[in-house]
Amino acid sequence: MKQRKKISGQRLKTWALRLTIGLAGIVLAGILLFSFLPVPFSAVMAERQIGAWLSGDFRYAAHSDWVEMKNISPWMPLAVIASEDQKFPNHWGFDVQAIQSVLDGEEARMRGASTLSQQTAKNVFLWDGRSWIRKGLEAGLTVAIETVWTKRRILTVYLNVAEFGEGIFGVEEASQRYFHKPASRLTMAEAALLAAVLPNPIRFRADAPSAYVRQRQQWILRQMRQLGGEGFLNAHKLR
């Protein structure tokens, strides 16, 4: 009996190892392919859609429309950098200073310690949540995409998978839904408004912005100007 249990345990470990290796291979293949191919859907999109179906909401539909960086107004990447990750062009995936500030209980200038690279890794490949396991996987994926993708590519993917409202994913879908025009024509103020809802796109609304969202929009606009406008993107080859 003990021998059988030992054999069963070894088989279980073997299958678990094979499954882990297989999943890692799939993710690695995805990272390589998405370095030049459009991302058809993200893990967050799938999670939202499946969650809606399981709750009986068959009206919910996750919408996204992929666009390349050249078809996105330069104000939009500048807005998300200004609001979410001003060190994005220079870090290797993690903002150590911001992480330390959060650990020390300090506010990190109206944003958390999660960089655009980390958010992209999480949105594309992982489920929502705050467990240490998910954080560990996020860290590994962040290193992987920072190694394989360019900064411009990370920013492009982020803008195409970011959630801007209920069922609204990607800047093109958000621009069409809220402003009735393509993302290439977004103004500076409109880009800042979209960036303002990113911390909580279900609670914060771009089509009915609260006083807090408007205040955050104005803060983002000031940060965009202080960064140097479009010249900031050109200097770091993000356009």
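Below: a short report on this structure. (Residues numbered from 1 in each chain as written. Predicted model: local features only at pLDDT ≥ 70, side-chain atom pairs only at ≥ 80, totals over all residues. Heavy atoms only, no water.)

### Some points on the overall build of the protein
To keep things clear, this is the line we draw: Per the convention used, a helix needs a DSSP run of H or I reaching at least four residues, while a strand needs a run of E reaching at least two, with both numbered from the N terminus. Buried residues are those whose accessible area, probed at 1.4 Å on protein chains only, stays under 20% of the maximum for their type, while exposed residues exceed 50% and partly exposed ones sit between those limits. Only the protein chains shown count as cover for residues, and the accessible areas themselves come from Shrake-Rupley with a 1.4 Å probe.
A tally of regular secondary structure across the protein gives eleven helices and three strands. Secondary structure elements in the protein, listed N-terminal to C-terminal, are α-α-β-α-α-α-α-α-β-β-α-α-α-α. The buried share of the protein, taken over its 239 residues, is 46%. Carbon together with sulfur atoms contributes 58% to the accessible area of the protein, which is approximately 13100 Å² in total.

### Structural notes on a nonpolar patch on the surface
Under the convention used in this document: By definition, no residue in a patch forms a salt bridge, and every one has over 30% relative accessible area; like charges are joined within 9 Å, nonpolar side chains (Val, Leu, Ile, Met, Phe, Trp, Tyr) within 5 Å. For salt bridges, the criterion is a side-chain nitrogen of Lys or Arg within 4 Å of an Asp or Glu carboxyl oxygen.
There is a patch of nonpolar side chains on the surface, built from Ile50, Trp53, Leu54 and Phe58 and spanning about 520 Å² of accessible area. Note that Phe58 resides in the loop between helix H2 (43–54) and strand E1 (63–64).

### Overview of the packing of aromatic side chains
Note the cut-off: Note on ring pairs: Phe, Tyr and Trp rings are taken, using the six-membered ring of Trp, and paired if centres are within 6.5 Å. Classes follow the plane angle, with under 30 degrees stacked, over 60 edge-to-face and the rest tilted. The criterion is that NZ of a Lys, or CZ of an Arg, lies within 6 Å of the ring centre and within 35 degrees of the ring normal, and then a charge sits over that ring.
Scanning the entire structure with this criterion turns up two aromatic pairs. Their ring planes at 40° and their centres at 5.4 Å tell us that Phe204 and Tyr212 sit as a pair that is tilted. Geometry around Phe88 places Lys151 over its ring, the cationic atom sitting 4.6 Å from the centre.

### Observations regarding the side chain of Glu138
To keep things clear, this is the line we draw: In this analysis, two residues are considered to be in contact whenever any of their non-hydrogen atoms come within 4.5 Å of each other.
Secondary-structure assignment places Glu138 in helix H6 (residues 132–148). Owing to a relative accessible area of 2%, Glu138 belongs among the buried residues under this scheme. Excluding its chain neighbours within four sequence positions, the residues that come into contact with Glu138 are Ser114, Gln118, Ala121, Lys122 and Leu126.

### Focus on H2
Each α-helix winds once per 3.6 residues, and so residues spaced three or four apart point in a common direction. To keep things clear, this is the line we draw: The span one expects for a helix is its residue count, reduced by one, times 1.5 Å.
Along its twelve residues, H2 runs 16 Å from first to last C-alpha, staying within 8% of the 16 Å computed at 1.5 Å per residue. Buried residues of H2: Ala43, Val44, Met45, Gln49 and Ala52, and no others. As for H2, its buried residues are in contact with E1, helix H5 (116–125), helix H7 (151–161), strand E2 (163–165) and strand E3 (168–169). Gly56, located one to two residues past H2, shows a positive phi value of around 90°.

### Remarks on helix H8 (residues 171–179)
When you tally the buried positions in H8, you get seven out of nine residues, the bulk of the element. Here H8 has its buried residues at Val171, Glu172, Glu173, Ala174, Ser175, Tyr178 and Phe179. Positive backbone phi, approximately 60°, marks His180, located one or two places after H8.

### As for the nonpolar core
In plain terms, the rule: The term nonpolar core refers to a set of buried residues drawn from Ala, Val, Leu, Ile, Met, Phe, Trp, Tyr and Cys, joined through side-chain atoms within 4.5 Å.
Membership of the largest hydrophobic core comes to 60 residues, with the highest contact counts inside it found for Met76, Phe164, Val171 and Leu194. Among the elements that line this core, the one with the most residues is helix H9 (residues 188–196), at seven residues.

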